[in-house]
Amino acid sequence: MHECAHALAGWSAGGVPTLVSSTDTQGDWSRLGERGVLWVGVSGSLANAVVSLAGWLLFRRGIGSPSASTVVPWLIFVVNAWMPTVYLVASPLLGFGDWSTVIAEFPNRGPLRASAVVTGLFLAAALWNGTCQTLARLVGNGAAVTRVHRAAVLTRTAWACGGAAAVLASLFSPLSLVSAVPIAVGSTLGTAWPMVAAATSVAKIPVPGTPLEVRRSWPVLFVGSMAGLVLVFVFGPGIDLTR
C-alpha cells in the first residue's frame, strides 16, 4: 500500500513510475516540480493513515464481543498507524527516506527536521495510549494474567509473521540485499514493535464484555496465506509498470 501510493502520486504529478516493489518505488521523477516531490513524499504515509482509520472504524463495531473479525481490523489500524508515526521520527533523524526527501525541498532544514521529530514523538505518545486502550478492548474480559497472555500471543504472532514475510520478500528485491533487508526489517518489525510492548499494559485496563475467542478459520488462513505469497513473489521482485 505504501509503495503503491508513491507510484500513484508520482504518476498523478507527471512522473513515470516504472517499478513497484515491497521495498521501494522506482521511476523517472525528473518532470516533478516542488509540489510533485512533496506529494510523492507524503503519499505513502497518507495512504497508511487512511487505511488505519478504516481499520479503526471497523474495529469499533466489534467492541464488547471480540472475535477474529475484530482482530483483523485492529491489526490494520495499529500497523498502519505506527508505520508512518515511527517513520516521521526516524526518517528526519537519520536523514533517509520519505520525510528526508520532503524536508530537503525547504530552507532551514535543521529546525524543520527537529520539528518533524518532535511532532512524531508527540503522535507516538498519543498512539501508544490508543494502542493500549484498543488492545485491552480487543482481548476482552477475564483475569489479568490471562488477558496479558492473550494479548502477548496475538501481538507477537502478528509481529513475527508480518516481519518474516517482509524480510522474505526483500530477498527478491531489485535492490541489493544490503539495502533491501534493513528496509524490510525497519518498515515492519521496526515500526510495529510498540503493539508487542503494549501487551503488558492490558492488565491495568479492565474492560467489560466477553473474552476474545478466535477459532480456526480456513477462509481466513487461505486469504492470509495468499496475501503473504503475493507480497513475497509478486511485490518482492516488483511489478514492472513499463510492460
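Before reading on, note that the structure itself is shown above.
Keep in mind it's a predicted model, so treat the numbers as computed, not measured.

The next point concerns the overall build of the chain. A tally of helices and strands in the chain yields nine helices and three strands. The principal-axis extents of the C-alpha atoms in the chain amount to approximately 60 × 40 × 30 Å. Sorting the 243 residues of the chain into buried and exposed places 38% on the buried side. Across the chain, the fraction of contacts at a sequence separation of at least 24, relative to all contacts at a separation of at least 6, is 71%. Across the chain, the centroid of the 14 positively charged side chains sits 18 Å from that of the 8 negatively charged ones.

Bridge count between strand S1 (residues 16-20) and strand S2 (residues 25-28): four bridges; the pairing is antiparallel. In the sheet register, Val16 faces S2, and the bridge partner there is Asp28. The turn linking S1 back onto S2 is made up of four residues.

Let's shift gears to the sheet that holds S2. Sheets are built from strands paired through backbone hydrogen bonds, the pairs being either parallel or antiparallel. Across the sheet, three strands lie side by side as S2-S1-S3; this open sheet has antiparallel pairing. Only two strands of the sheet have a single partner each, and these edge strands are S2 and strand S3 (239-240). Contacts from helix H1 (residues 2-12) reach S1 and S2, with the element oriented near 165 degrees to S1.

Our focus in this paragraph is the nonpolar core. Counting residues in hydrophobic clusters, the biggest one holds 25 residues, and the most contacted among them are Trp74, Leu135 and Leu138. Looking at this core, the elements with two or more residues in it are helix H3 (68-94), helix H5 (109-139), helix H6 (144-170) and helix H8 (189-197). For this core, the element with the highest residue contribution is H5, accounting for seven residues. If sequence neighbours within four positions are ignored, Leu138 has contacts with Phe59, Pro66, Thr70, Val71, Trp74, Leu154 and Leu212.

Let us look at the packing of aromatic side chains. Summed over all chains, the structure comprises one aromatic pair. With a centroid separation of 5.7 Å and 55 degrees between ring planes, the pair formed by Phe172 and Phe233 is classed as tilted. Of the two residues, Phe172 is situated in the loop between H6 and helix H7 (177-187) and Phe233 in helix H9 (residues 218-233); the sequence distance between them amounts to 61 residues.

Here Gly95 lies in the loop between H3 and helix H4 (98-103). Spatially, the C-alpha atoms of Gly95 and Arg113 are 8.7 Å apart, while their sequence positions differ by 18 residues. Not counting the four nearest positions on each side in its chain, Gly95 is found in contact with Ala90, Ser100 and Arg113.

Unusually for a residue other than glycine, Asn108 sits at a positive phi of about 50 degrees. Of note, Asn108 is situated in the loop between H4 and H5.

You can see Thr70 is positioned in helix H3. Classification of Thr70 as buried rests on a relative accessible area of 3%. Excluding residues that lie within four positions of it along the chain, Thr70 makes contacts with Phe59, Gly62, Ser65 and Leu138.

Below, the discussion takes up H5. Its 31 residues place the ends of H5 43 Å apart at the C-alpha level, agreeing with the 45 Å of an ideal helix rising 1.5 Å per residue. By the burial criterion, the buried members of H5 are Ala116, Val117, Gly120, Ala124, Leu127, Thr131, Cys132, Thr134, Leu135, Ala136, Leu138 and Val139. Buried residues belonging to H5 abut helix H2 (34-60), H3, H4, H6 and H8. Phi for Gly140, located one or two positions after H5, is positive at around 75 degrees.

Procedures and definitions
- Residues numbered from 1 in each chain as written.
- Predicted model: local features only at pLDDT ≥ 70, side-chain atom pairs only at ≥ 80, totals over all residues.
- Heavy atoms only, no water.
- Helix = DSSP H or I, 4+ residues; strand = E, 2+ residues; numbered from the N terminus.
- Buried < 20%, exposed > 50% of the residue type's maximum accessible area, 1.4 Å probe, protein only.
- Contact = heavy atoms within 4.5 Å.
- Lys, Arg positive; Asp, Glu negative; His and termini not counted.
- Charge placed at Lys NZ, Arg CZ, Asp CG, Glu CD.
- Pairing = 2+ DSSP bridges.
- Axes fitted to C-alpha atoms, helices over the stretch in contact; angles between N-to-C directions.
- Core = buried A, V, L, I, M, F, W, Y, C linked by side-chain atoms within 4.5 Å.
- Phe/Tyr/Trp six-rings, centres within 6.5 Å; stacked < 30°, edge-to-face > 60°.
- Expected span 1.5 Å × (residues − 1).

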